[in-house]
Amino acid sequence: MSSLEAEFVIPAIQGVSVAVRGKAARFPVRRIYCVGRNYAEHTREMGHDPDRELPFFFQKNPDNLVLDNGDFPYPSASNNVHFEVEMVVAIGTGGTDIPLEKALNHVYGYALGLDMTRRDLQGEAKKTGRPWEIGKAFEHSAPMTDIVTVEQIGHLSSGEISLKLNGETKQNSDLNQLIWSVPEIIAHLSAIFELKAGDLIMTGTPAGVGAVKRGDVMEGHCAGIGSITAKVV
Ligand code: MN
């Protein structure tokens, strides 16, 4: 019996999917990978040396996504929740040990996301050598736009990426400032995990991250993709 025909002892989980701009069909999400410290200025503001590190990765859960410019509920257990605006890569075909020169062939499209972070809990986890999930992979921690396809906009390697908080610019950089480019991220990541169709990769945030409070409105923008708005409630 295939899993489609199976009966379940508790209600089965429905998969998460994201809208694709201009299409009726949706993009099914398998995993969400995130790159840490991928803009030099942000790496410095977090107290690290951008020249010394290989890319590193953590994960969020597909059901952490907030779609359609939905609200961001202030999470429990934290008093210091930060925004991080990030370009997101949507993987259309998977693989392992994907070579650099073929990496972009695996990209289906791009989106814009917010890697919402319980900075206080992430900080404690760093200090005590514990995992980052408590700081990164909580409910509603990944607001994201619909996906724009490579067919529609080509590949994104430069252009403004920015975030305004209540109308005031807090983050403002360019995709050409990524320490590890999209092909390099895919090559590195596929050497340690098997990438599959449906994976999303949040590519890291520029400098200027900061705290939010209830009532704040976050507006992210990225050239080629457009905007995301999320109100903190
Ligand atoms: Mn991030």
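Reading the values: the criteria
Residues numbered from 1 in each chain as written. Predicted model: local features only at pLDDT ≥ 70, side-chain atom pairs only at ≥ 80, totals over all residues. Heavy atoms only, no water. Helix = DSSP H or I, 4+ residues; strand = E, 2+ residues; numbered from the N terminus. Rg over C-alpha atoms; globule rule 2.2 N^0.38 Å. Buried < 20%, exposed > 50% of the residue type's maximum accessible area, 1.4 Å probe, protein only. Contact = heavy atoms within 4.5 Å. Areas by Shrake-Rupley, 256 points an atom, 1.4 Å probe, with all protein chains shown as cover. Lys, Arg positive; Asp, Glu negative; His and termini not counted. Charge placed at Lys NZ, Arg CZ, Asp CG, Glu CD. Polar contact = N/O pair within 3.5 Å; in protein donor to acceptor, adjacent residues only side chain to side chain. Pairing = 2+ DSSP bridges. Phe/Tyr/Trp six-rings, centres within 6.5 Å; stacked < 30°, edge-to-face > 60°. Axes fitted to C-alpha atoms, helices over the stretch in contact; angles between N-to-C directions. Salt bridge = Lys/Arg side-chain N within 4 Å of Asp/Glu carboxyl O.

(A) How the structure looks around the overall build of the chain. A tally of regular secondary structure across the chain gives 5 helices and 17 strands. The globule rule puts the C-alpha radius of gyration for 233 residues at 17 Å, and the 17 Å found for the chain is close to it. Oriented by its inertia axes, the alpha-carbon framework of the chain measures out at about 50 × 45 × 40 Å. A burial count over the chain gives 47% of its 233 residues as buried. The contacts of the chain with a sequence gap of at least 6 include a subset with a gap of at least 24, amounting to 76%. Put simply, the chain shows about 11,400 Å² of open surface, and 50% of that area lies on carbon and sulfur atoms. Side chains of the chain carry 22 positive and 29 negative charges; the gap between the two charge centres is 4 Å.

(B) Here's a closer look at the side chain of T117. With respect to the helices and strands, T117 occurs in strand 9 (residues 117-118). A polar side-chain atom of T117 sits 2.8 Å from a polar atom in the side chain of K136. Apart from residues no more than four positions distant in its own chain, T117 is found in contact with N80, V81, H82, E84, Q122, G135, K136 and F138.

(C) Just the side chain of T43, in detail. Looking at the secondary structure, you find T43 in helix 1 (residues 40-45). Residue T43 is classed as buried on the basis of its relative accessible area, which comes to 1%. Setting aside residues up to four positions removed in sequence, T43 forms contacts with R37, N38, H48, D49, P50, E53 and I179.

(D) Inspection of the pairing of strand 16 (residues 217-222) at higher detail. Because side chains alternate across strand 16, one face comprises the buried residues M218, G220 and C222, and the other comprises V217, E219 and H221, none of which is buried. Note that strand 16 and strand 17 (residues 226-231) share 6 bridges and pair antiparallel. Paired with E219 across the two strands is T229, which belongs to strand 17. The antiparallel pairing of strand 16 with strand 17 creates a hairpin that spans 3 residues between the two strands, and G224 there sits at a positive phi of about 90°.

(E) Spotlight on the packing of aromatic side chains. Counted by the stated rule, this structure contains 5 aromatic pairs. Look at F58 and W132: their rings are 5.4 Å apart centre to centre, the planes differ by 50°, and that puts the pair in the tilted class. Here F58 is found in strand 4 (residues 56-60), whereas its partner W132 is found in the loop between helix 2 (119-128) and helix 3 (133-136), with 74 residues between them in sequence. Here F58 falls in the buried class, since its relative accessible area comes to 10%. Three or more aromatic residues link up through ring pairs in this structure, and these residues are F56, F58 and W132.

(F) Region of the structure containing the sheet that holds strand 3 (residues 32-36). The strand order across the open sheet formed by 6 strands is 4-3-14-7-8-11, and the pairing between neighbours is mixed. The sheet is open, and its two edges are formed by strand 4 and strand 11 (148-149), each paired on a single side. Relative to strand 4, strand 3 is paired through 5 bridges, and the arrangement is antiparallel. Each bridged residue has a counterpart across the sheet, and for G36 the counterpart in strand 4 is F56. In the packing of helix 5 (residues 182-192) onto the sheet, the strands contacted are strand 3, strand 4, strand 7 (85-91), strand 8 (107-114) and strand 14 (200-202), and the crossing angle to strand 4 comes to about 80°.

(G) Here's a closer look at the pattern of salt bridges. Considering all chains together, one arrives at 11 salt bridges under this definition. Between D199 and R30 there is a salt bridge, with its nearest N and O atoms 2.8 Å apart. On the criterion of sequence distance, the pair formed by D199 in the loop between helix 5 and strand 14 and R30 in the loop between strand 2 (26-28) and strand 3 is long-range, its members being 169 residues apart. Among the residues examined, D199 registers a relative accessible area of 0% and is labelled buried. Notably, a salt bridge pairs K136 with D115, separated by 2.9 Å at the nearest N-O pair. Of this pair, K136 sits in helix 3 while D115 sits in the loop between strand 8 and strand 9, and the two are 21 residues apart along the sequence. For the residue pair K136 and D115, the accessibility class agrees, reading buried in each case. Among the ionic contacts, a cluster of salt bridges with common partners joins K60, E84, D115, R119 and K136.

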